[in-house]
Amino acid sequence: MTALRPTPGSPAGQTVTPSPDVPPPPSTPGFHHITLVTADAKGALAFYGGVLGLELLHEETVDGGETSYRMVFGQEGGRPGTLIEVLEQRGAPRGFFGVGGVHHLALGVADGPSQLKWKRRLRDLGIPVSGPYDRGYFHSIYFRDPDGQILELATRGPGYAVDEPADALGRRLIQPDPRRLPGGRDEAAIRARIHPEPVPEITPDMTLEGIHHITGITDDLEGMGAFLERALGLRLVKKTLNQDDGRTLHYFWASYDGQEVAPASCLTLFGWPGSPQRARPGFGQARSVAFQGGHEAAFSSWRTHLESLGLPAASAPSHPSGPRLSLTAPDGLALELVFREAGTRDPL
Ligand SMILES: [Fe+2]
């Protein structure tokens, strides 16, 4: 896919003056939803609706095919970027992360104190939680849903401009502070940090803020970067290392106007060059990641744009919130673009 290699002399972050005769290619403002797979819809409902307190916005029985039941969870009545679609696939094998798949889904929380309340709530419900870890750009706790999907709750701040100028993100490889890496951090102290009282109810300060980031695994960071930048209009905003494995590169792309990183837009990838471990579909492994395409009037310009890059985008069956395009990234990651029909609301 040579058409998607980075353009020589145009490093990420450099402003390119558009030609007055050529309309700029479309770019996505961020995520629309993520699609997860469960072996047990009841268990997923109890977890996403009950434990995490997300709104069940839509549910339906699906006849025929591998999916038997479909649910959509979200917040704020279904704001794009907060949506989690869960498909029940009874009899599906256990999925596993790997190249071309999602490693984890991070949801946003306001700050450290609210994160510690979540840690207490989850622990008291018998769900193992690790962290909070200082990731430099945010603080993170980790746990799994009943199907084994890794989830993270990440704080809003301090943000990506903590170690680079806000108007020049993603320009150089940043080595994490060794005190944040295994061997340099105080694991016992991290384990001990928790809210002191039980948290049986989700209090307003614990409100989840939608998708904070989604992290996948690729065997080709350079090729995926070219794809995300040229096909979707995302921009490289951070080049660093996996802070649980200092030998693994970790790059972040997002909707970034050169000043601010848009919320619910950050796709991050671990680089596993040469890895034979490909993502295995099944329960506990995300099936696809969906970005916003904008108004349905943009549908044909997106398709033309993707085809001009040698990326055939199939017109998929309409998402309940509007038409959509499905496409496959160079490393195999399944993606969608979801469009908004006039007069409709997400996700119904
Ligand atoms: Fe993460």
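The coordinates are above.
This section reports on the structure supplied with the text. (Residues numbered from 1 in each chain as written. Predicted model: local features only at pLDDT ≥ 70, side-chain atom pairs only at ≥ 80, totals over all residues.)

## Remarks on helix H5 (residues 299-308)
Then step 1. Those residues of H5 that sit buried are Phe299, Trp302, Arg303, His305 and Leu306. Taken end-on, H5 shows its buried residues confined to a sector of 160 degrees, consistent with a single buried face. Turned more than 90 degrees away from the buried face of H5 sit Ser300, Thr304, Glu307 and Ser308, all of them exposed.
Then step 2. Note on H5: the residue one or two positions beyond its end, glycine 310, has a positive phi of about 80 degrees. (Buried ≥ 20, exposed ≤ 12 C-beta atoms within 10 Å, placed from the backbone. Helix = DSSP H or I, 4+ residues; strand = E, 2+ residues; numbered from the N terminus. Arc of directions from axis to C-beta.)

## A closer look at the pairing of strand E12 (residues 266-271)
Then step 1. Most of E12 is tucked away, with 6 of its 6 residues classed as buried.
Then step 2. Going residue by residue along E12, you find Cys266, Thr268 and Phe270 tucked away on one face and Leu267, Leu269 and Gly271 tucked away on the opposite face as well.
Then step 3. Direction of pairing for strand E9 (residues 211-218) relative to E12: parallel, over a ladder of 6 bridges. Opposite isoleucine 217, over in E12, you have phenylalanine 270 as the bridge partner.
Then step 4. Relative to E12, strand E11 (residues 245-254) runs antiparallel, the two being bridged by 4 bridges. By the bridge assignment for E12, tyrosine 251 is matched with leucine 269. (Pairing = 2+ DSSP bridges.)

## Some thoughts on helix H1 (residues 41-51)
Then step 1. Those residues of H1 lying buried are Ala44, Phe47 and Tyr48. Projected down its long axis, H1 carries its buried residues within an arc of 80 degrees, all on one side. For H1, exposure combined with an orientation more than 90 degrees from the buried face picks out Lys42, Ala46 and Gly50.
Then step 2. Positioned one or two residues after H1, glycine 53 has a phi angle of 70 degrees, which is positive.

## Observations regarding the environment of phenylalanine 97
Then step 1. If you trace the backbone, phenylalanine 97 turns up in the loop between strand E4 (83-88) and strand E5 (101-109).
Then step 2. For phenylalanine 97 and threonine 35, which are 62 residues apart along the polypeptide, the C-alpha to C-alpha distance reads 14 Å.
Then step 3. The residues contacting phenylalanine 97, other than those within four sequence positions of it, are Val102, His103, Ile217, Ala279 and Gln285. (Contact = placed C-beta atoms within 7 Å.)

## Some remarks on the nonpolar core
Then step 1. Core analysis: the largest hydrophobic core is formed by 78 residues, its most contacted members being Phe73, Val86, Leu105, Leu228, Val237, Trp253 and Ala254.
Then step 2. The dominant element in this core, judged by the number of residues it contributes, is helix H4 (residues 221-232), at 6 residues.
Then step 3. Those residues in contact with leucine 228 that lie beyond four places of it in its chain are Leu234, Trp253 and Leu267. (Core = buried A, V, L, I, M, F, W, Y, C linked by C-beta atoms within 7 Å.)

## Quick notes on the sheet that holds E9
Then step 1. The 8 strands lie next to each other as E6-E7-E8-E5-E9-E12-E11-E10, forming an open sheet whose pairing is mixed. Only two strands of the sheet have a single partner each, and these edge strands are strand E6 (130-134) and strand E10 (235-242). Here the strands of the sheet are splayed against their neighbours by 25 degrees on average, with no regard to which way each runs.
Then step 2. Summarising the sheet, strand E7 (residues 139-144) and strand E8 (residues 150-155) pair through 5 bridges and their orientation is antiparallel. Within E8, the position partnered with tyrosine 142 by the bridge is glutamate 152.
Then step 3. Along the sheet, helix H2 (residues 112-124) contacts E5, E6, E7 and E8; its crossing angle with E7, the most-contacted strand, is approximately 20 degrees. (Axes fitted to C-alpha atoms, helices over the stretch in contact; angles between N-to-C directions.)

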